[in-house]
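Chain and residue survey
Now for the letters of each chain:
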Amino acid sequence: MVLPKAEEKGVWQVSDSCSNGTATDTSGPHLVSLVKEKLDATDVNYLVVPDEADVIQKLLIYQCDVLKVRAVFTTGGTGFAPRDVTPEATRAVLTKEAPQLTMAMTLTSLEKTKFAVLSRAVCGVREKTLIVNFPGSKKAVDECFHSIVNVIPHILQLMADEIPKVKETHRKIQSGEGHVHVCPHATGKGGDDRNSPYPMLEVVDALEIIMSTIATQKIPRKQISRVNIPPFRASVKDGYALKSSGDKGVKRVVGYVAAGNGIIRDYFDIDQCYKINTGAPVPDQADAVIQIEDTKLISTDNDIEKIIEVLSSPSPNLDIRSIGSDLRMGEDVFEHRYPLDAAQRSLLASIGETINVGQLRIAVISTGDELVHPYGDGAQTGTIEGKIFDSNTTMLVQMLRQFGFTEEQCLVSQIVVHDDYQSLRKQIEILTGSVHAILCTGGVSMGDKDFVKPVLKDLGYDLKFGRVNMKPGKPFTFASKDITRFFGLPGNPVSAFVTFHLFALPALRKYLATLNQTTSNLAKCHLPKITVKLLTESYELDPRPEYARASIVSKGGELWAQITGQQISSRLKSIVEADVLLHLPARSPSKTTIVRGESVTALTLRADFISTYE
């Protein structure tokens, strides 16, 4: 055990089974990682203790009074089982209770499950140590921790009487700068509360929900060869087909065999041979091919070779591809994967197999009264007052094609819909059940004309979520009904660009594989990840995890990322120059910027993702 210093935190797992080694703790280590990441704690004291009230009380007192840790977080022992005594043990040592922290966690959990009412967790303070009881499951720990993490730093400042930090926090809140008291996961309750009513999901949780709505093919679809390749014995080299029993020496050339000729079945002697090209069928009586380089031309007649000398001894089957040596009839060729790539198409062609692809039907919608077709009336002058050209539908269709969703595999319709409820409802109603996916940009935020979510509910969609903790793309929405999956991308083009890559692309890849009754490689559904170093001198972190656009420079074999200028979500130029999306962490009290040389994860947007070599 690492003894904690005054500024450190402690995490406990309270469990008899984990303590005696009959079960493995997963929620405790997860909570440790959350504390380190979100609260910037370098060392965390992690303990596993039994469900004994006396043991828990004594350890709490020791941690608070002797070691003087700033916070103790426990998991487990908060339910109704006979040995669930963590709340009682905690309450016995508190000098102040903090019921509103408990309420915040409960309200968050109730959005997920009605069984959250069964948690009896206690939160409070002992002198200058914060104590929080979390539930025992890993999922519940994650939900509850995120519901209060934004206020914990300020709590610790108040308890430590850090007046300058407290004043600075209050100043930021009053000036509108503050990030500490404003929880991005806050949900509106109506009336004066104008927050979105939709819970804020983490990106990984949103992805898991989306992918779980698309069936996984358990039995892979295999392609069987209906022919032998090669279907005849074929020459590997340009040379001479002969009998190996004739050994080396002078041979008379009795014929010529080119690729595409029929098989010669005539008898010939051991001192005779046929000149042959690469890929041509070997005569029935020949059992070896000697390459031209191992022969000497003796005589010709009108430029036709007549006599040669074989300079090396041929062995049986020398430079001959046997029937079916590449692929035998009835052999598995490959397991189908979609979209079909060049290798698969080449193999299908080699066995004479017709390409039969189940087609994914996608509708791409832009919503907005301000949108006009980029190639319609006024496009040449650009003088349509109050209007802008629709770039989103063009961008999304081209990205689908860029990622291999060809017209053969993916039928795409482009639609622009006005910002009124009935128009949007009518269009989505028509598409529902007739397309596999709707990619809709705009109408998912908090504006007066953002009708997407009400329309989806009205049409009976299962609205899975309506906000994601990310920048850009917070209002991204996902819903499903029958065969149709609805991807509600934000209207700002950069937000649409980012959320397409993170959410729509992997789902569509999996859906296309499912339609073709084949397994999908889930890892390959997502953008490839690489690690790069930041080339930008300094970049201010956002309270939300951010996906910044960056170009890649290769310096002496190392990859460096230069953020592509201003990152506001309407600036399309930031994606024109982008090779990758940099996954930047959320701002924390102790880390507000990321600087040159720091390593970050990058998601590659295309195969040729390196812009510059130095």
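Source: prediction; values computed, not measured.

Strand pairing in a sheet relies on backbone hydrogen bonds, with the paired strands running either antiparallel or parallel. With mixed pairing, the six strands of this open sheet are ordered in space as β12-β9-β11-β10-β14-β13. Where the open sheet ends on each side, the last strands, each with one partner, are β12 (288-291) and β13 (295-301). Across the sheet, the mean angle from the axis of one strand to that of its neighbour is 35°, orientation sign disregarded. Pairing between strand β9 (residues 239-242) and strand β11 (residues 272-276): three bridges, direction antiparallel. Across the sheet, residue G239 finds its bridge partner in β11, namely I276.

As a further point, take the confidence of the model for the chain. Confidence along the chain averages 86 in pLDDT terms, with 87% of residues attaining 70 or more. Every residue in residues 1-7 is under pLDDT 50, and counting partners more than four places away or in other chains gives 16 contacts. Counted against residues more than four places away or in other chains, residues 174-183, with its pLDDT under 50, gives 20 contacts.

On to the sheet that holds strand β22 (residues 462-465). Pairing is mixed across the open sheet formed by six strands, whose spatial order is β20-β17-β21-β24-β23-β22. The sheet terminates laterally at β20 (410-417) and β22, the two strands that pair on one side only. Adjacent strand axes in the sheet meet at a mean angle of 20° when their direction is disregarded. Bridge analysis of strand β21 (residues 437-441) against strand β24 (residues 484-489) gives five bridges, and the strand direction is parallel.

Below, the discussion takes up the packing of helix α11 (residues 392-402) against helix α14 (residues 493-515). The interhelical angle for the contact between α11 and α14, taken along N-to-C directions, is 35°, at an axis separation of 11 Å. For the element pair α11 and α14, the recorded crossing hand is right-handed. Seen from α11, the contacting residues are N392, M395, L396, M399 and L400; seen from α14, they are P493, A496, F497, F500, H501 and L508. Considering only residue class, the contact of α11 with α14 consists of nine nonpolar, two polar and no charged.

Attention now goes to the environment of D326. Residue position: D326 is located in the loop between β15 (320-321) and β16 (332-335). The class for D326 is partly exposed, based on a relative accessible area of 47%. Placed 97 residues apart in sequence, D326 and I229 show a C-alpha to C-alpha distance of 5.4 Å. Once residues lying within four places of it in the same chain are set aside, the contact partners of D326 are I229, P230 and R321. Among the polar contacts listed, one links the side chain of D326 to the side chain of R321, at a separation of 2.5 Å.

The rules behind these values
- Residues numbered from 1 in each chain as written.
- Predicted model: local features only at pLDDT ≥ 70, side-chain atom pairs only at ≥ 80, totals over all residues.
- Heavy atoms only, no water.
- Pairing = 2+ DSSP bridges.
- Helix = DSSP H or I, 4+ residues; strand = E, 2+ residues; numbered from the N terminus.
- Axes fitted to C-alpha atoms, helices over the stretch in contact; angles between N-to-C directions.
- pLDDT = per-residue confidence, 0-100.
- Contact = heavy atoms within 4.5 Å.
- Left-handed = near helix turned anticlockwise from the far one by under 90°.
- Nonpolar A, V, L, I, M, F, W, Y, C, P; charged D, E, K, R; others polar.
- Buried < 20%, exposed > 50% of the residue type's maximum accessible area, 1.4 Å probe, protein only.
- Polar contact = N/O pair within 3.5 Å; in protein donor to acceptor, adjacent residues only side chain to side chain.

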